[in-house]
Amino acid sequence: MGGAMTRRDWLTGSAAALVATGCARPVHLTQSEATIVRAPAYDQSLYDIVRRLVASQGAAARGRAVVIKPNLVEFEPESAINTHPLLVHAACEAFRALGASQVTIAEGPGHRRDTLDLAEAAGYFQTIPGFEDCFVDLNLDEVTLVDLPRRFSKLKRVYLPNTVLGAALVVSMPKMKTHHWTGATLSMKNLFGVVPGGVYGWPKNVLHWAGIHESIADLHTVFPRQFTLVDGIVGMEGNGPIQGVSKPMGVLVAGTDPLAVDATCCRLMRIDPTRIGYLRLVAGDPAVFAESNVRQTGEPIAALARPFALIPQFRALRLESGA
Amino acid sequence: MPIPELLQQQNPDGGWSYRRGGSWTEPTVYAVLALAGAGDSAAAERGLQWIRAAQRDDGGWQARPGVGESCWVTSLAALLPAQRLGEERHRRATAWLSATTGMESSVLYRVRQWMMGGQTSSQTTAPGWPWVPGSAAWVIPTSLGILALDRENRLRPVPGLASRIDAGRRFLFNRMCKGGGWNHGSTRALGYESGAYPETTGMALAALRGCHGWQTDQSLAVALRFLDQCRTADALNWLRLGLAAQGRMPEGYRAPPGIAYRTVPEVATSVLADGAVAGKSVFWI
């Protein structure tokens, strides 16, 4: 780590300064940019695409501990539920090539307790050499009680896994999916997976009772900057995040500001990000993530956007033309 | 060789981690139950000392030292024989369990729902157990709560215990999936059916030991189907326990090859499932 301050040091030692400045973070990252690239399939071409994405985003991983957080949910390898293991491996290789001192894959699934079995069924053991040695089950990790820097829910503090708190860079790798409670699940919702089931149970129902949108916003205040890489090669539409239908999109979306990346993903899904509760909470003002306020690089949204089917309860989220 | 594996994994403080690291209550209780059943009293006693020391003032146990809130693992600790855990400790554990319910069945929540014009679902009228207080009840903690209280009630019945167990069982029947078996909690979400899981189905069937009827029959059929397709140790262990509890474990059953036992609870519960299938269970009497 070369003496780099970890997120845990930062949170537990300098909470007041953090709240005051609202911008301290362990690595320097650019703001409000989202990059869209075409990635037609889960094949070997991903390694080069991801390496260029990581390099172009300037993630300062050299000599630091990087934690890659995919979205692992269910035992359905043929479905679009889980972040694809080839993409996760490509990210591991890219950060190793950048000189990361340690690359750990870490996840704490929300309702299946046998995480390693889940990872095996999702193809992670087969695709990622030495997977078991570089994987941490965040549900069962050592934990630290962390004061929430800014509170949106009734929660004041939350236990979080030391593996994530000790990382210099958290790489959130969600799947681009609709979600039957929040409308869309992307990089911010992916952070539910860092909340330890060993402490809160399966599912992490305390977060639901505290308010799902509010809890997502709470967690964002602990991890305001991540490198986010969204698996939109095949997403999920309809009754996501589990029972939906595969939606081939052929895209990856990356960036260092989860708000900008999630808003961009919503637009690709033809979902109005200003109607997603947790994005509104985090931003305060929807203008913050207006399309004009996100520096868009790579492919234009309009060229790749395709409407994701929405369950009836969420039809009002549909992004109207020109919105 | 599960017992040597368990012995090797015991932490210097007497407890067990899930795989590596500090001791947690769940793996420690399962390991103690498995070792005690196998007759290894020294390691089991060190584990028991860890468990006794970890009991909180309110009678419950936290997931691991330092977390600071009693939770669902109290059910597991209450499965330990009172004479081994300590009579008073066991009594307080039972009292904590008896008093703990999911938030959705609390009077406060139901009154609030009523005042807000919401309907009180039949699913909220039978209290189950939550993972942690202040949240809803779910199938796994409810099943374990029933197993712990039912065992105690058969040994030392006290007023109120039987009705709490009955309520927990009604909770499980209310939450049975369409077609049988259990998901983690809800049977439907936003109008969509939830599918059954093998481990929760096995666990619920164990908790419903002695309950007969079409719901049990339907779920037993689901469990038997799961058993043939089993892919994980947790699922296999609890399906065997559930089917054994119902007297329906197929004779001569051979587990599918390649199932990995990766955590201490998986290794220890496999020992306990072996015992149950052979007619000796720590989960029921």
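Student: What should I look at first to understand the overall build of chain A in this one?
Tutor: On a plain count of helices and strands, chain A comes out with 15 helices and twelve strands. Looking at the 323 residues of chain A, the share that counts as buried comes to 57%. Taking as baseline every contact in chain A between residues at least 6 positions apart, the subset at least 24 positions apart corresponds to 75%.

Student: What's the story with the overall build of chain B in this structure? I'm lost.
Tutor: Scanning chain B from N- to C-terminus turns up 13 helices and two strands. The C-alpha atoms of chain B give 18 Å as radius of gyration, which agrees with the globular expectation for 285 residues (19 Å, within 12%). Projected onto its principal axes, the C-alpha positions of chain B cover 55 × 45 × 35 Å. The proportion of buried residues among the 285 residues of chain B is 52%. Pairs at least 24 apart in sequence give 63% of the contacts found in chain B among residues at least 6 apart.

Student: Explanation requested: the interface of chain A and chain B in the structure shown.
Tutor: Many descriptions give the size of an interface as the accessible area lost when the pieces come together. Counting residues at the interface gives 23 residues for chain A and 22 residues for chain B. Elements represented by at least two residues in the side of chain A that touches chain B include exactly α5 (115–121), α10 (197–200) and α11 (205–209) of chain A. Looking at the side of chain A that touches chain B, its residues break down into eleven nonpolar, eight polar and four charged.

Student: For this particular structure, what's the right way to read the environment of Cys177 of chain B?
Tutor: All names here are of chain B. By the element assignment, Cys177 lies in the loop between α9 (161–174) and β1 (188–189). Judged by local crowding, Cys177 falls into the buried class, with 21 C-beta atoms found within 10 Å. As for Cys177 and Gly195, which are separated by 18 residues in sequence, their C-alpha atoms are 6.6 Å apart. Those residues in contact with Cys177, other than ones at most four positions away along the chain, are Trp182, Asn183, Thr187, Ser194, Gly195 and Ala196.

Student: Can you help me understand helix α3 (residues 41–54) of chain B in this one?
Tutor: The periodicity of an α-helix, 3.6 residues per turn, causes residues three or four positions apart to be oriented the same way. Residues and elements named next belong to chain B. The end-to-end C-alpha distance of α3 is 19 Å, a good match for the 20 Å that 14 residues give at a rise of 1.5 Å each. Looking at α3, one finds that the buried residues are Ala44, Gly47, Leu48, Trp50 and Ile51. The buried residues of α3 all sit within an arc of 160 degrees when viewed along its axis, so they share a single face. Pointing more than 90 degrees away from the buried face of α3 are the exposed residues Ala42 and Ala53. At its buried positions, α3 is contacted by α2 (25–38), α4 (73–78) and α5 (82–85).

Student: Any chance you could explain the confidence of the model for chain A here in plain terms?
Tutor: Caution applies to low-pLDDT parts of the model: their predicted coordinates are not meant to be read in detail. Residues and elements named next belong to chain A. Here chain A shows a mean pLDDT of 89. Residues at 70 or above account for 88%. Mean pLDDT in chain A bottoms out at helix α2 (residues 15–21), which sits at 33, and peaks at strand β4 (residues 135–137), which reaches 98. The model gives residues 1–5 a pLDDT under 50, and that stretch makes ten contacts with residues more than four places away or in other chains. Taken as a whole, residues 7–30 scores under 50 in pLDDT and shows 39 contacts with residues more than four places along the chain or in a different chain.

Student: Where do I start with the nonpolar core in this structure?
Tutor: Generally speaking, soluble globular proteins have nonpolar side chains that are buried together. Ranked by size, the top nonpolar core spans 185 residues in total, and within it Val66 and Ala91 of chain A carry the most contacts. Residues within four places of Val66 of chain A in sequence aside, it is in contact with Ala61, Phe95, Ala100, Gln102, Val103, Ala167, Ala168, Leu169 and Val171 of chain A.

Student: Even after reading the chapter, I still don't get the packing of helix α8 (residues 139–155) of chain B against α9 of chain B, so can you show me in this structure?
Tutor: To describe two helices that pack against each other, one gives the angle between their axes and the distance between the axes. All names here are of chain B. One can describe the packing of α8 onto α9 by two numbers: an axis separation of 9 Å at closest approach and a directional angle of 150 degrees. The angle between α8 and α9 places the two elements in the roughly antiparallel class. Between α8 and α9 the crossing geometry is left-handed. Across the interface between the two elements, Val139, Thr142, Ser143, Gly145, Ile146, Leu149, Asp150, Glu152 and Asn153 of α8 pack against Leu161, Ala162, Arg164, Ile165, Gly168, Arg169, Phe171 and Leu172 of α9. Split by residue class, the contact of α8 with α9 holds eight nonpolar, five polar and four charged.

Student: What am I meant to see in unusual backbone geometry here?
Tutor: For residues that are not glycine, phi is negative in most cases, and the peptide bond is trans in most cases. Residues and elements named next belong to chain A. In this structure, the amide linkage connecting Trp202 to the following residue, Pro203, adopts the cis form with an omega of 5 degrees. Assignment of secondary structure puts Pro203 in the loop between α10 and α11. Cis geometry marks the peptide bond from Gly240 to Pro241; its omega dihedral reads 10 degrees. Positionally, Pro241 belongs in the loop between β10 (227–237) and β11 (245–255).

Thresholds applied
The residue numbering used here restarts from 1 in each chain and proceeds along that chain's sequence as written. Chain labels run from A onward and ligand labels from 1 onward, assigned in the order the entries are written. Restriction of local features to residues with pLDDT of at least 70 applies here, the model being predicted, together with a cutoff of 80 or more for giving and counting side-chain atom pairs; totals for whole chains, interfaces and linings are based on all residues. Helix and strand labels come from DSSP, where a helix needs a run of H or I of at least four residues and a strand needs a run of E of at least two; each type is numbered from the N terminus. Using C-beta atoms placed from the backbone, we call a residue buried if 20 or more other C-beta atoms fall within 10 Å of its own, exposed if 12 or fewer do, and partly exposed for counts in between. Here, residues touch in the contact sense if the C-beta positions derived from the backbone fall within 7 Å of one another. The globule rule is 2.2 Å times the number of residues to the power 0.38, and the radius of gyration it is compared with is taken over C-alpha atoms. Three classes are used: nonpolar for Ala, Val, Leu, Ile, Met, Phe, Trp, Tyr, Cys and Pro, charged for Asp, Glu, Lys and Arg, and polar for all others, with Gly counted as polar. One less than the residue count of a helix, multiplied by 1.5 Å, gives the span that helix is expected to have. It is the directions from the helix axis to the C-beta atoms that the arc portrays. On a scale of 0 to 100, pLDDT captures the predictor's confidence in every residue. Residues of type Ala, Val, Leu, Ile, Met, Phe, Trp, Tyr and Cys that are buried and joined through C-beta atoms within 7 Å form what is called a nonpolar core. Angles run from 0 to 180 degrees between N-to-C directions of axes, and those axes are lines fitted to C-alpha atoms, restricted for helices to the stretch in contact. Roughly parallel means an angle under 35 degrees; roughly antiparallel means over 145; roughly perpendicular covers 65 to 115; every other angle is labelled oblique. Left-handed describes a crossing whose near helix is turned anticlockwise from the far helix through less than a right angle; right-handed describes the clockwise counterpart.

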